[in-house]
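Residue-level structure breakdown
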Amino acid sequence: MYTFIIGLVILIGGAALYSKFCEHVFGPDDRQTPAYTKQDGVDYVPMRGWKNSLINLLNIAGTGPIIGPIQGILFGPLAFITIPIGNVIGGAMHDYFSGMICLRDGGTQMPDMIKKYSNKGIFTVYNIFLCVLLLLVGAVFVYTPGDIAATQVFHFSGQATDWTTWVIYGVIFLYYLVATVFPIDAIIGRIYPIFGAILLFSAVGVFVGIFAKGYPLVELWDPWVSMINGTTVDYQSYFTAQHFLPVFFVTVACGILSGFHSTQTAIITRTMKSERQGRTTFYWMMTLEGFIAMVWAAGAMGVYNLGQQAADGNLATQTIGIVCRDILGPVGGIIAILGVIVLPITSGDTALRALRLTVADTFHIEQKSNGKRMLLAVPMFILVAAIIVWAKFNTSGFQTLWRYFAWSNQTLALFAFLAISVWMFENGKAKYVWIPLIPGCFYTFICSSYIANASIGFNLSWSIAYPIGIVLAVAYVVVICIYGNKRAHRVLRAN
């Protein structure tokens, strides 16, 4: 329990200090935001600060900060330390600068940010990569909440041959279509406060229950083998056999860093009333997602140690149900499970909204009428539906889908770190470029070594994958520094 508490102190204390530092580096001011200068009643709509923060939290927090930590905690109590450190200097910083740069540049979407601060080749790769990821996010965030609702709430089978499964998927799909097409304040801005209340009850309830129930948690300084009530969970063996670097950081993903988040913070830049709201809206909401990840990691370790759930990442859905019901009872457990279902649904809807905005901005397609938004949305939903059908009827379909989603999610963040670095060079902040370069270098190693070794990638041995990761990480830093300096000199000459 002490390691868990130390991790929470690192998360909250580190966020308080580092978020203030990041705010100082960026320098928000009182200029008019795009919500006023481009107000259109659809996407550019001034909204209250608390509502923007809540919407951003629900947009970024999908099943990643729950399912990821449930599997990642099998690596042992070191997860309680690496999650908050990574969140503070990586994920939350990534969200803050991505959101603030897009806000200052006129409420642009991430493809525009990448285009402005890189070159045509990188922009093209990013745009294709982004559209594929957003389709995967849409598919994953129909699949996972649908299955959790079917098996944990309604106690259906959740099988592809069960018609109830497709009814539940259909209801989620219908909501996504409405949220994707209609004005943001008409749908998302009204329903999200309700979703937020359920989410907070779920996270806070499980957090309090971990202490109230006295869940047994392994300490960092003790042997990483839990033997309680005849149940043995050997975290040390799993840590060694599964290659903590890079597998842990791809597995946990969203609680530490998510490239998907930059596409969501960009949406919120069109509804913010002031740049000074950015620290709360972007940085602290990612910190709150880190808290959710910590809570579920602790809850999972507790039930694993008590032998209430087999330590198997494939049984994450069952673990969610056990934690909720064991801590909060039958009624409270159902409400908590609803909070878990809310997370992916409120990320999936804005993922598809972001995809619509990205395509519309790229091809300059006017989006003021419902008809034009619908024409753009329908083909996207057909593609998402096809992915879900394939994953549902294929024995290993969802596992393959999830692995590509997790890896591509982390890889997407590298583009954002690149753009943030170049922005710093161009804006006279080169002495602070280490802020994005440190996590960018680290995750270049993580993503490249993982895909080099993984069966869904190049299937190379670790003895080859690790050197590849190191070389590419060094190259990432060197290339960005050279390119950023050239861009900075170009700006100086222009002025």
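All values reported here derive from a predicted model rather than from experimental measurement. (Residues numbered from 1 in each chain as written. Predicted model: local features only at pLDDT ≥ 70, side-chain atom pairs only at ≥ 80, totals over all residues. Heavy atoms only, no water.)

1. Focus on the overall build of the protein chain
Let me state the cut-off plainly: Secondary structure is summarised from DSSP: a helix means a run of H or I of at least four residues, a strand means a run of E of at least two, and numbering begins at the N terminus for each. A radius of gyration in this sense is built from C-alpha atoms; the matching globule rule multiplies 2.2 Å by the number of residues raised to 0.38. Think of it in three bands: residues with accessible area under 20% of the maximum for their type are buried, residues over 50% are exposed, and the middle band is partly exposed, with areas taken using a 1.4 Å probe on protein chains only. By the convention used here, residues are in contact when the closest approach between their heavy atoms is within 4.5 Å. We get accessible surface area from the Shrake-Rupley algorithm with a probe of 1.4 Å; when it comes to residues, only the shown protein chains can shield them.
Counting secondary structure elements, the protein chain contains 18 helices and two strands. For a compact globule of 495 residues, the expected C-alpha radius of gyration is about 23 Å, and the protein chain comes in at 22 Å, within 12% of that figure. Based on the C-alpha atoms only, the size of the protein chain along its principal axes is roughly 70 × 50 × 40 Å. In the protein chain, buried positions account for 60% of the 495 residues. Counted over contacts in the protein chain with a minimum sequence separation of 6, partners at least 24 positions apart contribute 82%. Looking at the protein chain as shown, the accessible area adds up to about 18,400 Å², and 68% of this sits on carbon and sulfur atoms.

2. Side note on helix α13 (residues 278-305)
Definition in use: Residue count minus one, scaled by 1.5 Å, sets the expected span of a helix. Throughout, bend refers to the angle between the axes fitted to the seven residues that end at a position and the seven residues that start at it.
For α13, which comprises 28 residues, the first-to-last C-alpha distance of 40 Å matches the rise-based estimate of 40 Å (1.5 Å per residue) to within 8%. The largest bend in α13 is about 30°, located at W284. Most of α13 sits inside the fold, with 25 of its 28 residues counted as buried. Looking one or two residues past α13, G307 carries a phi angle of roughly 75°, positive in sign.

3. Some points on the UniProt feature "domain: CstA N-terminal" (unreviewed entry) in the protein chain
Applied cut-off: UniProt positions are given in the numbering used here, feature names are shortened, and annotations may be inferred rather than shown by experiment.
Mapped onto this numbering, the UniProt entry annotates "domain: CstA N-terminal" (unreviewed entry) at residues 4-142, 164-296 and 331-446. As annotated, residues 4-142 has a helix share of 75% and a strand share of 0%, and its two end C-alpha atoms lie 32 Å apart.

4. As for the packing of helix α4 (residues 64-72) against helix α11 (residues 244-252)
Where we set the bar: Think of each axis as a best-fit line through the C-alpha atoms, taken over the contacting stretch in the case of a helix, with angles from 0 to 180 degrees between the N-to-C directions. Ten residues, namely Ala, Val, Leu, Ile, Met, Phe, Trp, Tyr, Cys and Pro, are considered nonpolar, four, namely Asp, Glu, Lys and Arg, are considered charged, and the remaining ones, Gly among them, are considered polar.
At their nearest, the axes of α4 and α11 sit 7 Å apart, and the two run at 150° to each other. Contact residues: α4 offers G64, G68, P69, Q71 and G72, while α11 offers F248, T251 and V252. Class assignment for the residues of the contact of α4 with α11 results in three nonpolar, five polar and no charged.

5. Thoughts on helix α7 (residues 120-153)
For the record, the criterion: Polar contact is the term for a pair of N or O atoms within 3.5 Å; when the atoms are in protein, one must be able to donate a hydrogen and the other to accept it, and sequence-neighboring residues count only if both atoms are side-chain atoms.
If you check α7, its first and last C-alpha atoms are 48 Å apart, about what 34 residues at 1.5 Å a residue would give, namely 50 Å. One side-chain oxygen at the N-terminal end of α7 lies 3.2 Å from the backbone nitrogen of G121; it belongs to N119. Once α7 finishes, H155 follows within two positions and takes phi at roughly 60°, a positive value.

6. Some points on the environment of M93
Structurally, M93 can be placed in helix α5 (residues 79-104). Setting aside anything within four residues of it in sequence, one finds M93 in contact with Y18, C22, N87, V88, Y283, F417, I435, P436 and P439.

7. Here we look at the nonpolar core
Selection criterion: What we call a nonpolar core is a set of buried Ala, Val, Leu, Ile, Met, Phe, Trp, Tyr and Cys residues that are connected through their side-chain atoms within 4.5 Å.
If you look at the biggest cluster of nonpolar residues, it comprises 166 residues, and the most contacted ones within it are F80, F97, Y176, F248, W296, Y304 and I320. If we skip the residues at most four places from it in the chain, F97 touches C22, V25, F26, I420, W423, M424 and I435.

8. Considering the side chain of S448
Among the secondary structure elements, S448 is positioned in helix α17 (residues 434-453). S448 gets classed as buried once you look at its relative accessible area, which sits at 10%. There is a polar contact of 3.4 Å between the side chain of S448 and the backbone oxygen of F445. When residues no more than four places from it in sequence are discounted, the contact partners of S448 are I468, G469 and L472.

9. Re the pattern of salt bridges
Basically, it comes down to this: The salt bridge definition used is simple: a Lys or Arg side-chain nitrogen within 4 Å of an Asp or Glu carboxyl oxygen.
All told, the structure shown has ten salt bridges when counted by the stated rule. Put simply, R31 and E275 hold a salt bridge, and the shortest N to O gap is 3.7 Å. Residue R31 is located in the loop between α1 (2-26) and α2 (34-37), and its partner E275 is located in the loop between α12 (260-268) and α13; the two are separated by 244 residues in the primary sequence. With a closest N to O distance of 2.7 Å, R104 and E275 form a salt bridge. Of this pair, R104 sits in helix α5 while E275 sits in the loop between α12 and α13, and the two are 171 residues apart along the sequence. Taking relative accessible area as the criterion, R104 reaches 24% and is therefore assigned partly exposed. In the salt-bridge network here, residues are joined through shared partners; they are D29, R31, R104 and E275.

10. Describing the packing of aromatic side chains
We count it as follows: Only Phe, Tyr and Trp rings take part, Trp by its six-membered ring, and two of them pair if their centres are within 6.5 Å. Stacked means planes under 30 degrees apart, edge-to-face means over 60, and tilted covers everything else.
Evaluated as defined, the whole model comprises 36 aromatic pairs. An angle of 75° between the planes, with centres 5.3 Å apart, marks the rings of F207 and F211 as edge-to-face. Note that F207 and F211 are positioned in helix α9 (residues 188-212) at a spacing of four residues, about one turn of the helix. F211 gets classed as partly exposed once you look at its relative accessible area, which sits at 35%.

11. Some thoughts on the state of the cysteines
As a reminder of what qualifies: Two cysteine sulfur atoms make up a disulfide if the distance between them is within 2.5 Å.
Enumeration over the complete set of coordinates arrives at zero disulfides. Among the cysteines around C22, which has no disulfide bond, C102 carries the closest sulfur, lying 16 Å off.

12. Section: the environment of F207
Residue F207 is classed as partly exposed on the basis of its relative accessible area, which comes to 22%. Placed 87 residues apart in sequence, F207 and M294 show a C-alpha to C-alpha distance of 9.0 Å. Beyond its immediate chain neighbours, meaning those up to four positions away, F207 contacts F4, L8, F291 and V295.

13. A few points about the side chain of N87
Checked against the element boundaries, N87 lands in helix α5. Accessibility expressed as a relative area gives 0% for N87, which makes it buried. When neighbours within four sequence positions are excluded, N87 is seen to be in contact with L11, A92, M93, G255, I256, M286, T287 and G290.

14. A word on the environment of Q318
Mapped onto the elements, Q318 comes out in helix α14 (residues 316-363). For the pair Q318 and Q152, spaced 166 residues apart in the sequence, the C-alpha separation amounts to 7.7 Å.

15. Points about a nonpolar patch on the surface
To keep it simple, the criterion reads: Residues enter patches when they are more than 30% accessible in relative terms and free of salt bridges; like-charged ones are connected within 9 Å and nonpolar ones (Val, Leu, Ile, Met, Phe, Trp, Tyr) within 5 Å.
Together, Y2, I5, I6, V9, F211, L220 and W221 make up an exposed nonpolar region whose accessible area comes to about 700 Å². Sort the elements by how many residues they give to the nonpolar patch and α1 lands first, with four residues. Tracing the chain through its elements places V9 in helix α1. Owing to a relative accessible area of 55%, V9 belongs among the exposed residues under this scheme.

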